[in-house]
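Geometric and topological summary
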Amino acid sequence: MIRWQLLVALVAVTSISPQPTSASSDHKYKPNDDVPIYANKVGPFHNPSETYRFYDLPFCLPEHLKEKKEALGEVLNGDRLVSAPYKLQFMVEKDSEIVCRKKLTKEEVKKFRSAVAKDYYFQMYYDDLPFWGFLGKVEKDKTDPSEEKYYLFKHLHFEIHYKKDRVIEINAKADPSAVVDLTEDKEVEVEFMYTVRWKETSIPFESRMEKYAQSSSQPHHLEIHWFSIINSCVTVLLLTGFLATILMRVLKNDFVKYAHDEEEADDQEETGWKYIHGDVFRYPKYKSLFAAALGSGTQLFSLSLFIFGLALVGVFYPYNRGALFTALVVIYALTSGIAGYTASSFYHQLEGTNWVRNLLLTGCLFCGPLFLTFCFLNTVAIAYNATAALPFGTIVVIVLIWTLVTSPLLVLGGIAGKNSKAEFQAPVRTTKYPREIPPLPWYRKTVPQMAMAGFLPFSAIYIELYYIFASVWGHRIYTIYSILFIVFIILLIVTAFITVALTYFQLAAEDHEWWWRSFLCGGSTGVFIFGYCLYYYYERSDMSGFMQTSFFFGYMACICYGFFLMLGTVGFRAALFFVRHIYRSIKCE
């Protein structure tokens, strides 16, 4: 019973694969017409990244085996569609039709037994409708409960629903009584069969994909999502309101105190954040790296906004996740000009001179670690012969996009930023020599401050993180992009606010090196998200194996690093706005 519940769960998983283009453009058929059916992949149910080509297992081969051409996003998603061994003509019923008779060798029996032991499932497409099924089952030996028996399903039942001349729905179930015992290493004779039944339905063709998204729109799921939103909003409003009240009251007292001090005596010693007014706008160390980080963070922020925009207008269908991968590649390439302009412009404001090195650093800051991670993981996928290994042609396409689109736009943006007339707006003059920073207690150091800064934004999003992880690394589906966008806005607001608060406390302690600190504090949420990755992998998922582990932690490390750059940029920009505001409000000699 549990196995069939898992299979039912798979029906709500179409987010793991894109919808391929139909061989019949209008999806209309006449009786006896061939309806396109493709086999996609097989793999362990609990390891979404570990999928293999369908015919890597010794299934029956069709008479004419051909591969289907796929879009970039489909290939990145690990889809490899080939002709299926079944013939399901429109409106043609079949009873125990023989696919083929095979004599499985010992090696082939081992392959199938290993697949059944790992709970392998298959995925196919029939007239662009995805469907799934398990390959076999494992049962306890009746004579010896400590031993297990492995059985391969050999008879598949197809139930196809139609309305007039169109296919509406397809379900595939294995006959639990028609099995082949694979427990022992010996040659086995197998006769693979299938049965086809057609049923009429009243569901219109336009609504045939709605069942795949029903699980995410069920009332109890929506209640959980909205509860997490309300919980995050209440928590954030209380905490930020508390901090805002304190901060505004302290700032007001500071302004009154400094105004009073100016009226009383000119030679009175200054204290607090006014004392370091001659150092607060001193340019940071490693300003080329700092400008490059701002450029990359701004690009990733722009990428996120574009992706959310496309999601909210309905571009990313629940069964077409390949479109998301395509959009990520294309939009990232097109927004590289934003990174180049932002980095070069800010580097120019910081009076940097080696703008070529700054531009190279900007281009490699995020792409470099991502490229190295991809090379390692693609090598792992090749070693496993998994579909996650990108074909050479796809790699060439990505390299061409980077060479012909990303790099030129990065350079053009950099030239525009270098030639911009913008100057750094500092409301007070910077002294020639920096003041010495007084000894600070341990809790005012960088790492404790990062821990404080990352905890609050993470607490606002951690509930929603589970659903995102379960969609990306599991078999749930996530379609409520409006809720996700609200969570994203909350994340930005809280990140900006907590960074501003910690920057004020740092300046009040007469520590003027706030530039890098504000960036690190803003981006520290990415470290918390990676910490959640560890918790999710070991406590909330059933993933296992070197390939799945390396893919999960490798790509999640890149995503968390991207969040670090993006939120670090948000935190610094908010802190810069705040610091300019407070020093513009007082008189400094």
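Residues numbered from 1 in each chain as written. Predicted model: local features only at pLDDT ≥ 70, side-chain atom pairs only at ≥ 80, totals over all residues. Heavy atoms only, no water.

By the naming in an unreviewed UniProt entry, the protein chain goes by Transmembrane 9 superfamily member and is assigned to Artemisia annua.

All chains considered together, the criterion is met by one disulfide. In this model Cys 60 forms its disulfide with Cys 100; the gap between the sulfur atoms is 1.7 Å. Taking the torsion about the sulfur-sulfur bond, which here is approximately -65 degrees, the covalent link between Cys 60 and Cys 100 counts as left-handed. In this pair, Cys 60 sits in the loop between β2 (52-53) and α2 (72-76) while Cys 100 sits in strand β4 (residues 94-104), placing the two residues 40 residues apart along the sequence. Here Cys 60 and Cys 100 have matching classes, each one buried. Counting only cysteine sulfurs, Cys 560 is the nearest neighbor of Cys 533, a cysteine outside any disulfide, at a range of 4.3 Å. (Disulfide = S-S within 2.5 Å. Helix = DSSP H or I, 4+ residues; strand = E, 2+ residues; numbered from the N terminus. Buried < 20%, exposed > 50% of the residue type's maximum accessible area, 1.4 Å probe, protein only.)

Of all hydrophobic cores here, the largest spans 85 residues; its most connected members are Phe 552 and Tyr 583. It is helix α15 (residues 546-584) that contributes the most residues to this core, 17 residues altogether. No fewer than three residues from each of domain 2 (220-258 + 443-588) and domain 3 (287-424) sit in this core. (Core = buried A, V, L, I, M, F, W, Y, C linked by side-chain atoms within 4.5 Å. Domains from an automatic or database assignment.)

Time to look at the packing of helix α5 (residues 287-312) against α15. Relative orientation and spacing of two packed helices are given, respectively, by the angle between their axes and the distance between those axes. Interaxial distance between α5 and α15 falls to 8 Å at its minimum, and their mutual angle equals 105 degrees. When the interaxial angle is binned, α5 and α15 end up roughly perpendicular. On α15, the residues touching Phe 290, Ala 293, Leu 294, Ser 296, Gly 297, Thr 298, Leu 300, Phe 301 and Ser 304 of α5 are Gly 562, Leu 565, Met 566, Thr 569, Val 570 and Phe 572. Among the residues forming the contact of α5 with α15, the class breakdown is nine nonpolar, six polar and no charged. (Axes fitted to C-alpha atoms, helices over the stretch in contact; angles between N-to-C directions. Parallel < 35°, antiparallel > 145°, perpendicular 65-115°, else oblique. Contact = heavy atoms within 4.5 Å. Nonpolar A, V, L, I, M, F, W, Y, C, P; charged D, E, K, R; others polar.)

Our focus in this paragraph is the sheet that holds strand β10 (residues 166-174). Strand pairing in a sheet takes place through backbone hydrogen bonds and is either antiparallel or parallel in direction. Taken in spatial order, the four strands of this open sheet run β4-β12-β9-β10, and their pairing is mixed. The outermost strands of the open sheet, each flanked by one partner alone, are β4 and β10. Each strand of the sheet is rotated relative to its neighbour by a mean of 20 degrees, with strand direction disregarded. Along the sheet, helix α3 (residues 106-117) contacts β4 and β12 (188-200); its crossing angle with β4, the most-contacted strand, is approximately 125 degrees. (Pairing = 2+ DSSP bridges.)

Residues three or four positions apart in an α-helix share a direction because the helix packs 3.6 residues into each turn. End to end, α15 covers 56 Å across 39 residues, agreeing with the expected 57 Å (1.5 Å per residue, within 8%). Among the 39 residues that make up α15, 28 are buried, leaving the element largely enclosed by the rest of the structure. (Expected span 1.5 Å × (residues − 1).)

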